[in-house]
Amino acid sequence: MGIPILEAMACGTPVVTSRGGATEEVADGAAVLVDPFDPADIASGIERAVLRRDELVRRGLERVRTFGGWSAVADATVEVYRELA
């Protein structure tokens with residue numbers, strides 16, 4: 001689930017997340033993507049995020065706005081649980 005990514009972005013934190021999963025979809029270009037099984041890639045991703053901090057913060061805040069606020073995120077999450085139940 002991508003809620004922790006959105007929370008970090010909403011707080012103005014540059015995000016590093018794994019490539020190839022739901023978190024990549026949630027980030028939608030507003031995070032540095034890394035191979036979650038490669039420690040060197042994760043370390044490099046953190047370094048890249050530090051260097052791109054201003055850009056990632058701006059893009060992250062823009063990405064969060066596309067979700068329509070926390071109430072909309074909560075409603076969508078509840079709907080997913082209902083569909084699964």
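No experiment lies behind these values; they were computed from the predicted model shown.

*Asks:* Even after reading the chapter, I still don't get the nonpolar core, so can you show me in this structure?
*Replies:* It is characteristic of soluble globular proteins that their nonpolar side chains tend to be buried jointly. Listed in full, the 10 residues of the largest apolar core are Ile5, Leu6, Met9, Val15, Val26, Ala27, Ala30, Ala31, Val64 and Val73. With three residues, the top contributor of residues to this core is helix H1 (residues 3-10). Beyond its immediate stretch of four places on either side in the chain, valine 64 contacts Leu6, Met9 and Ala10.

*Asks:* It is not clear to me how the pattern of salt bridges should be interpreted in this structure. Could you clarify?
*Replies:* If the charged atoms of two oppositely charged side chains come close together, the side chains can form a pair. For the coordinates displayed, the defined rule picks out five salt bridges. Note that aspartate 28 and arginine 63 form a salt bridge whose closest N and O atoms lie 3.6 Å from each other. Taken as a pair, aspartate 28 in the loop between helix H2 (22-27) and strand E2 (32-34) and arginine 63 in helix H4 (residues 53-65) lie far apart in primary sequence, 35 residues in all. On the basis of relative accessible area, arginine 63 is assigned to the buried category, the value being 17%.

*Asks:* Explain the layout of surface pockets to me, please; I cannot follow it from the model alone.
*Replies:* If you add up the space inside the largest pocket, you get close to 170 Å³. As for the largest pocket, its lining consists of 11 residues, and the residues nearest its centre are Ile3, Phe67, Val73, Ala76 and Thr77. For the lining of the largest pocket, the secondary structure elements donating two or more residues are H1 and helix H5 (70-84). The residue makeup of the lining of the largest pocket, split by class, is nine nonpolar, two polar and no charged.

*Asks:* Mind showing me how you'd approach helix H3 (residues 39-51) here?
*Replies:* Owing to its 3.6 residues per turn, the α-helix aligns residues three or four sequence positions apart on the same side. The terminal C-alpha atoms of H3, which comprises 13 residues, lie 19 Å apart, in line with the 18 Å expected from a rise of 1.5 Å per residue. Within H3, the full set of buried residues consists of Asp41, Gly45 and Ala49. For H3, the buried positions fall inside an angular range of 80° around the axis, keeping them on one side. In this structure, H3 carries Pro39, Ala40, Glu47, Val50 and Leu51 as exposed residues pointing more than 90 degrees from its buried face. In the core, the buried residues of H3 are packed alongside strand E1 (16-18), E2 and H4. Where H3 begins, one side-chain oxygen reaches toward the backbone nitrogen of alanine 40, 3.0 Å away; that side chain belongs to aspartate 38.

The rules behind the values
Residues numbered from 1 in each chain as written. Predicted model: local features only at pLDDT ≥ 70, side-chain atom pairs only at ≥ 80, totals over all residues. Heavy atoms only, no water. Core = buried A, V, L, I, M, F, W, Y, C linked by side-chain atoms within 4.5 Å. Buried < 20%, exposed > 50% of the residue type's maximum accessible area, 1.4 Å probe, protein only. Helix = DSSP H or I, 4+ residues; strand = E, 2+ residues; numbered from the N terminus. Contact = heavy atoms within 4.5 Å. Salt bridge = Lys/Arg side-chain N within 4 Å of Asp/Glu carboxyl O. 1 Å grid on protein atoms, 1.4 Å probe; cavity = no way out; pocket = protein on both sides within 12 Å on 5 of 7 lines; lining within 4 Å. Points joined across faces, edges and corners; volume = space filled by probe spheres on them. Nonpolar A, V, L, I, M, F, W, Y, C, P; charged D, E, K, R; others polar. Expected span 1.5 Å × (residues − 1). Arc of directions from axis to C-beta. Polar contact = N/O pair within 3.5 Å; in protein donor to acceptor, adjacent residues only side chain to side chain.

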